[in-house]
Amino acid sequence: MPEGSSTAGRGGPRTLAEALRTRGDEELAALLRARPDLLTPVPGDLTQLATRAGTRASVVRALERLERFTLQTAEALAVAPDPTPYETLRALLTGDEGDPEIEAALPHAVDALRTQALIWGGDDRLRLVRTARELLAPSPTRPSPTGLGPTVAEATAGMSPTRLQEILAAAGLPTTHDPVSAVAALVSLFTDRTRMASLLDTAPPEALTVLDRLVWGPPYGEVTASPTPPVRWLRDRGLLLPASPRTVVLPREVALHLRAGRAHRAVEPVPPAVKPAATASMTQGRPQVVDSTAAGQAYTALTTVEDLLKDWHEGGPAVMRSGGLSVRDLKRTATALDTNEQMAGFWLELAYAAGLLASDGEADERYAPTPAYDDWLTLPAAERWARLATAWLTATRTAGLIGGQDAKGRTLSALGPDLDRSSAIEVRRRVLDLPAALPAGTAPDPESVLARLRWERPLRGSGAADPDANAARNAARVGPTDLRSRIAAWTLTEAEVMGITGRGALSAHGRALLGHGTAVQGAAAPYSGTGASAAAGAGTGGTGTHAPAEELAAHAEAAATALAPLLPEPLDHVLLQADLTAVAPGPLQRPLAETLAVLADVESKGGATVYRFTPGSVRRALDAGRSASDLHTFLATHSRTPVPQPLSYLIDDVARRHGHLRIGAASAYVRCDDDALLGEILADKRSQGLRLRRLSPTVLAAQADPATLLDGLRTMGYAPAAESAEGDVLITRAHARRTPPRTPPAPVPDGPPVPDATLLGAAVKAIRAGDLAATVERKPVPEAAKNGELPRTTSAETLATVQAAAMTGAAVWIGYVNADGAASQRVIAPVRVEGGFVTAYDHTADEVRTYPLHRITGVAELADDSA
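Not measured: the values here are computed from a predicted model.

Reading the values: the criteria
- Residues numbered from 1 in each chain as written.
- Predicted model: local features only at pLDDT ≥ 70, side-chain atom pairs only at ≥ 80, totals over all residues.
- Heavy atoms only, no water.
- Helix = DSSP H or I, 4+ residues; strand = E, 2+ residues; numbered from the N terminus.
- Contact = heavy atoms within 4.5 Å.
- Areas by Shrake-Rupley, 256 points an atom, 1.4 Å probe, with all protein chains shown as cover.
- Pairing = 2+ DSSP bridges.
- Axes fitted to C-alpha atoms, helices over the stretch in contact; angles between N-to-C directions.
- Buried < 20%, exposed > 50% of the residue type's maximum accessible area, 1.4 Å probe, protein only.
- Arc of directions from axis to C-beta.
- Parallel < 35°, antiparallel > 145°, perpendicular 65-115°, else oblique.
- Left-handed = near helix turned anticlockwise from the far one by under 90°.
- Nonpolar A, V, L, I, M, F, W, Y, C, P; charged D, E, K, R; others polar.
- Core = buried A, V, L, I, M, F, W, Y, C linked by side-chain atoms within 4.5 Å.
- Expected span 1.5 Å × (residues − 1).
- Polar contact = N/O pair within 3.5 Å; in protein donor to acceptor, adjacent residues only side chain to side chain.
- Phe/Tyr/Trp six-rings, centres within 6.5 Å; stacked < 30°, edge-to-face > 60°.
- Lys NZ or Arg CZ within 6 Å of the ring centre and 35° of its normal.
- 1 Å grid on protein atoms, 1.4 Å probe; cavity = no way out; pocket = protein on both sides within 12 Å on 5 of 7 lines; lining within 4 Å.
- Points joined across faces, edges and corners; volume = space filled by probe spheres on them.

Undergrad: Explain the overall build of the protein chain to me, please; I cannot follow it from the model alone.
TA: Check the secondary structure of the protein chain and you find 36 helices and 23 strands. Contacts in the protein chain between residues far apart in sequence, at least 24 positions, make up 66% of those at least 6 positions apart. Of the accessible surface of the protein chain, which amounts to about 39400 Å², a share of 54% is contributed by carbon and sulfur atoms.

In structure tokens form, the structure reads like this:
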């Protein structure tokens, strides 16, 4: 591929910086978009950009974001000679037989590597960046992903010349006069297909068996002090070379011959397809079934979050000293939600990510709903779901890690620290984007989704650097052990319980949430993955890691619009039954549900909720300030069936006894107009712990506090009411506890954000201007200004030079020291010189500036008007 600059005319670029100078602005912008870490801070010139692009941290990050075939291309370059012609690279990937699929995909892979500055040079001289070669090339301590070993030249380094000549003689080659020519003769033999085949035809069958064990790696094998005849035959002819006194290695050239020229055993130029699940035929072509199922799950998700926060309405569990929720409190929460601990942790993390739950920050720190929870409750159901789903989609906190252990062996707790995983957003997006390419209503096969993810990010999915591998083993979970695959598996489960998917297939409102719309089938195109744009944007989709807030809000609104018709309308009635129960055949309107929750206890949930009326629940309603007539009116108004007589009797009976006894503070006292009832209480052995004594016929005094006395008498079967110091009945209502205003937890970014077009344009301009100042040709200057140092001229020379440049419109090179003492070099075009200042267009800063002449250390004319 030709390089479009003068350097190409001199035989191609000699360095990566020179190669970058041949690129246009769009190509530089593509590099910075694919590798945004190179922009922090903006490089001063192209040499700095090239240096930063070759640093280990940046190269590792770039390699981690390569899909499998592009990575295999880089791995093949790492074991190829440097530089490598395109044809040699193609032969390493296709082998002697060739492969049309690989040949068709290879140009795109090379373009992706070149765009990301991991390779440079024309097609006749492809060079892998040195750091990438060091990371991917084989070594004794780090085998190559290709399974190849060192070259003959590397393996024979340090071998005695006599031993080299013995190998030549045993291989049937003429001896040479020096080690260099001896190595060249061996390499020539091993890379000649015909001669090599003839040599192997003479090998014992056992020797070929030894080669078969080493050919695909690892290429090292142990030998004894007295090796077997087959190994000795191979070692004598250089087909195995010594790596240490007890180890031999298969040279790279020999392995490539045995592999028919292939660097990899299996090359994957095409991403694995996402296949429909075995059960997909049940819903395929019936997206309405998927949407209805998903809507039901979405409504269940809403009620679960409401039940959770309602249970913590008056304050939740305490925050552990190390942060998070204790195991005991998590078990209690799971029991209250009628689910397992893992799912309870998920609902807690979901509420936390949505900003509905937080710690109160008090000295005795506890969890409680936030003020945002009250605002959330007032929204329509579809909008409440959209807010939860958006929070989950954009959160880096990973609930699946709860119960595992971190790298130091500490248990990871719900709502605690160390649950953020920066890759979670990308993986969630990609796991949901992939099914969007299937026909509507079709569920993907989970294994094919995981296989596709591993193809798109093979290094990140290898598990080699996964800090949570111990967590998977310690939690005894079944499934993949690498972090990305585990997040993907959790995503499939969480998306189902959230109602984003139904029966495994993406729902219409799920598509809208992802930005794929509801009318377009297959809106998410399969990931082709070899171009730079694909490498930079895989997994981000329409609402990726760094999607604008406006875009997220628009997709959430579209999802709520699609979901709203599928959710059941809240009902304003219940069905009262003779067994003191009420059946809610669907979701209830909020005022009705709240009142009924006080008057009755929930007995069971499901498609219909069953409430049971008990003396305790009726007393609870009376304590909240309701009268018996209020309760009768409420039930008659909201029941589609007649109010059963047993329920009316229950309310009247509890109301008749409610408040007959009065509890106040003496420490505490019991007051009642019926002195016989007080005598009955005194005679009851169960009252002994309250230490009561009669003060008057209608008053008993107690040494217990009012709350204890109230609970004690209720336990004995009475229905006392608390009263104030003025003698009025105290109405008890649940006290809502809220945290101070809290913001949802901020996601932990997976590296710097992808820059927008404005930032890219400004960065490219700044880099170009800085490179111009650093590389422009200049006229001869004094010795002190050579080797890139600032020019030094006298004040008179400086004034004369800039005045002449202002009159002729020429550009000059200046050395400048600002008020802070920082020195810099600049290319300026003077416009006006007066009053000790020069006003000029600064090509380095791309703007007009004014410079004090006394701060200009020197000036030099340019060889031509390059600016």
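That covers the picture; the talk isn't over yet.
Undergrad: Mind showing me how you'd approach the sheet that holds strand 19 (residues 812–817) here?
TA: Hydrogen bonding along the main chain pairs the strands of a sheet, whether they run parallel or antiparallel. With antiparallel pairing, the five strands of this open sheet are ordered in space as 22-21-20-19-23. Sheet topology places strand 22 (847–852) and strand 23 (856–861) at the edges, where each strand pairs with a single neighbour. Put simply, the sheet's adjacent strands are angled 45 degrees from each other on average, direction ignored. Bridge count between strand 19 and strand 23: five bridges; the pairing is antiparallel. Its bridge partner lying in strand 23, W813 is registered against A860.

Undergrad: For this particular structure, what's the right way to read helix 11 (residues 161–170)?
TA: Think of an α-helix as 3.6 residues a turn; residues three or four steps apart then line up on the same face. Every buried residue belonging to helix 11 is among L164, Q165, I167 and L168, and all of these are buried. Buried residues of helix 11, viewed axially, fall in a sector of 155 degrees; they line one side. Looking at the buried residues of helix 11, the elements they touch are helix 12 (179–190), helix 15 (229–236) and strand 4 (241–244).

Undergrad: How do you make sense of the packing of helix 21 (residues 381–393) against helix 28 (residues 549–563) when you look at a structure like this?
TA: Running from N to C, helix 21 and helix 28 cross one another at 135 degrees; their axes reach a closest spacing of 8 Å. Comparing their axes, helix 28 and helix 21 come out oblique. For the pair helix 21 and helix 28, the crossing hand works out as right-handed. The segment helix 21 lies against helix 28, with A382, E383, W385, A386 and T390 engaging A556, A559, A560 and L563. In the contact of helix 21 with helix 28, the residues fall into seven nonpolar, one polar and one charged.

Undergrad: Even after reading the chapter, I still don't get the nonpolar core, so can you show me in this structure?
TA: The tendency in soluble globular proteins is for nonpolar side chains to be buried as a group. L32, L49, F69, L239 and L240 are the most contacted members of the largest nonpolar core, which has 89 residues in total. Counting 71 residues, the second-largest nonpolar core is a separate cluster that includes A298, L302, A344 and I402.

Undergrad: I keep staring at the pairing of strand 16 (residues 692–696) and nothing clicks. Help me out?
TA: Consecutive side chains of a regular strand alternate in pointing toward one face of the sheet and then the other. As paired elements, strand 16 and strand 17 (residues 699–702) share four bridges and run antiparallel to each other. Bridge pairing in strand 17 links R693 to A701. Joining the antiparallel neighbours strand 16 and strand 17 is a turn of two residues.

Undergrad: I would appreciate a short explanation of helix 19 (residues 341–353) in the present structure.
TA: For helix 19, with 13 residues, the first-to-last C-alpha span of 18 Å sits near the 18 Å given by 1.5 Å per residue. A large share of helix 19 lies buried, amounting to 10 of its 13 residues. Every buried residue of helix 19 is accounted for by M343, A344, G345, F346, W347, L348, E349, L350, A351 and A353. Each element contacted by the buried residues of helix 19 is listed here: helix 17 (287–311), helix 18 (327–337), strand 6 (357–359), helix 21 and helix 25 (483–498). The opening residue of helix 19 is N340, an N-cap whose side-chain oxygen sits 3.2 Å from the backbone nitrogen of Q342. Immediately beyond the C-terminal end of helix 19, within one or two residues, lies G355, with a positive phi of roughly 80 degrees.

Undergrad: Just checking my understanding: could you explain the packing of aromatic side chains for this structure?
TA: The description of an aromatic ring pair uses the distance of the two centres, along with the angle that the planes make with each other. According to the stated counting rule, one finds four aromatic pairs in the structure shown. A cation over a ring is seen here: R384 above W376, with NZ or CZ 5.5 Å from the ring centre.

Undergrad: Sorry, what's going on with empty space enclosed by the protein here?
TA: It is a probe the size of a water molecule, rolled over the atoms, that shows where empty space is left. Within this structure, the stated rule accounts for five cavities of 30 Å³ or more. Here the second largest cavity is characterised by a volume of approximately 120 Å³. Around the second largest cavity sit 15 residues that line it, and W392, R397, A399, R428 and E494 are the ones nearest its centre. Going through the elements one at a time, helix 19 and helix 25 are the ones with two or more residues in the lining of the second largest cavity. Classifying every residue of the lining of the second largest cavity gives eight nonpolar, three polar and four charged.

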